Amino acid sequence: MGKNKIIKILGNILGNVIVHKILVRYTNKPESVHYIAEEIGTYRENALEIAQEFNWNMKDKDKIKQETLKNFKKRIKKYKDVKFPISDATKLIDETIKELLFQ
């Protein structure tokens with residue numbers, strides 16, 4: 001698979017990770033936190049495995065960030081009852097990309 005396709009896949013997976021991290025922090029359903037946290041681990045492991053296939057330059061990381069943000073915004077719409085500051089989402093995106101791609 002090409003690097004551009006992998007960037008889209010990573011953006012999709014990382015978008016899910018960020019949605020789940022936001023839900024863990026701000027959910028109105030505390031009974032779901034354990035399940036959501038387990039999903040974060042699963043998505044994270046998938047992303048780590050995929051991310052190790054390539055060396056990532058700053059341009060690639062910017063593309064991944066943009067894909068992640070796009071997918072996050074699309075997926076978070078499903079949770080209209082969850083209120084959170086958007087700055088938390090962008091901070092989580094930066095932290096997660098750094099964690100996965102700067103190893």
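Notes on the structure in this doc start here. (Residues numbered from 1 in each chain as written. Predicted model: local features only at pLDDT ≥ 70, side-chain atom pairs only at ≥ 80, totals over all residues. Heavy atoms only, no water.)

Attention shifts here to the overall build of the chain. Scanning the chain from terminus to terminus reveals four helices and zero strands. N-terminal to C-terminal, the α/β element order of the chain is α-α-α-α. Here the chain has a C-alpha radius of gyration of 13 Å; the compact-globule value for 103 residues is 13 Å, and the two agree. Dimensions of the chain along its principal axes, counting C-alpha atoms only, are 40 × 25 × 20 Å. (Helix = DSSP H or I, 4+ residues; strand = E, 2+ residues; numbered from the N terminus. Rg over C-alpha atoms; globule rule 2.2 N^0.38 Å.)

Now for the packing of aromatic side chains. Within this structure, the stated rule accounts for three aromatic pairs. Centre to centre, the rings of F72 and F84 are 5.9 Å apart; their planes meet at 75°, and the pair counts as edge-to-face. Here F72, found in helix α3 (residues 58-76), pairs with F84, found in the loop between α3 and α4 (86-101); they are twelve residues apart in sequence, far enough to count as distant. Put simply, the rings of Y26, F72 and F84 touch in pairs and so form one group of aromatic residues. (Phe/Tyr/Trp six-rings, centres within 6.5 Å; stacked < 30°, edge-to-face > 60°.)

Let's shift gears to the pattern of salt bridges. Across all of its chains, the model carries six salt bridges by this definition. A salt bridge links E99 to R44; the nearest nitrogen and oxygen atoms lie 2.4 Å apart. Separated by 55 residues along the polypeptide, E99 in helix α4 and R44 in helix α2 (residues 33-51) bring together distant segments of the chain. By relative accessible area, E99 is classed as partly exposed at 32%. (Salt bridge = Lys/Arg side-chain N within 4 Å of Asp/Glu carboxyl O. Buried < 20%, exposed > 50% of the residue type's maximum accessible area, 1.4 Å probe, protein only.)

Here we come to the packing of α3 against α4. Contact geometry of α3 with α4 gives a least axis separation of 10 Å together with a crossing angle of 135°. Between α3 and α4, the interaxial angle falls into the category oblique. In this structure, α3 meets α4 at a crossing whose hand is right-handed. Only I86, A89, I93, D94, I97 and L101 of α4 make contact with α3, whose side of the interface consists of K61, I64, K65, T68, L69 and F72. In the contact of α3 with α4, the residues fall into eight nonpolar, one polar and three charged. (Axes fitted to C-alpha atoms, helices over the stretch in contact; angles between N-to-C directions. Parallel < 35°, antiparallel > 145°, perpendicular 65-115°, else oblique. Left-handed = near helix turned anticlockwise from the far one by under 90°. Contact = heavy atoms within 4.5 Å. Nonpolar A, V, L, I, M, F, W, Y, C, P; charged D, E, K, R; others polar.)

Moving on, we get to the environment of N71. Along the polypeptide, N71 turns up in helix α3. A relative accessible area of 7% places N71 in the buried class. The sequence separation of N71 and K21 amounts to 50 residues, and the corresponding C-alpha distance is 14 Å. Among residues more than four places away in sequence, those in contact with N71 are G11, N12 and G15.

The next thing to look at is α3. With 19 residues, α3 should reach 27 Å at 1.5 Å per residue; the first-to-last C-alpha distance of 26 Å fits that figure. Within the span of α3, buried status applies to D60, K61, I64, E67, T68, L69, N71, F72 and I76. Contacts from the buried residues of α3 go to α1 (3-26) and α4. The distance from a side-chain oxygen at the start of α3 to the backbone nitrogen of K59 is 3.0 Å, and the residue carrying that oxygen is N57. (Expected span 1.5 Å × (residues − 1). Polar contact = N/O pair within 3.5 Å; in protein donor to acceptor, adjacent residues only side chain to side chain.)

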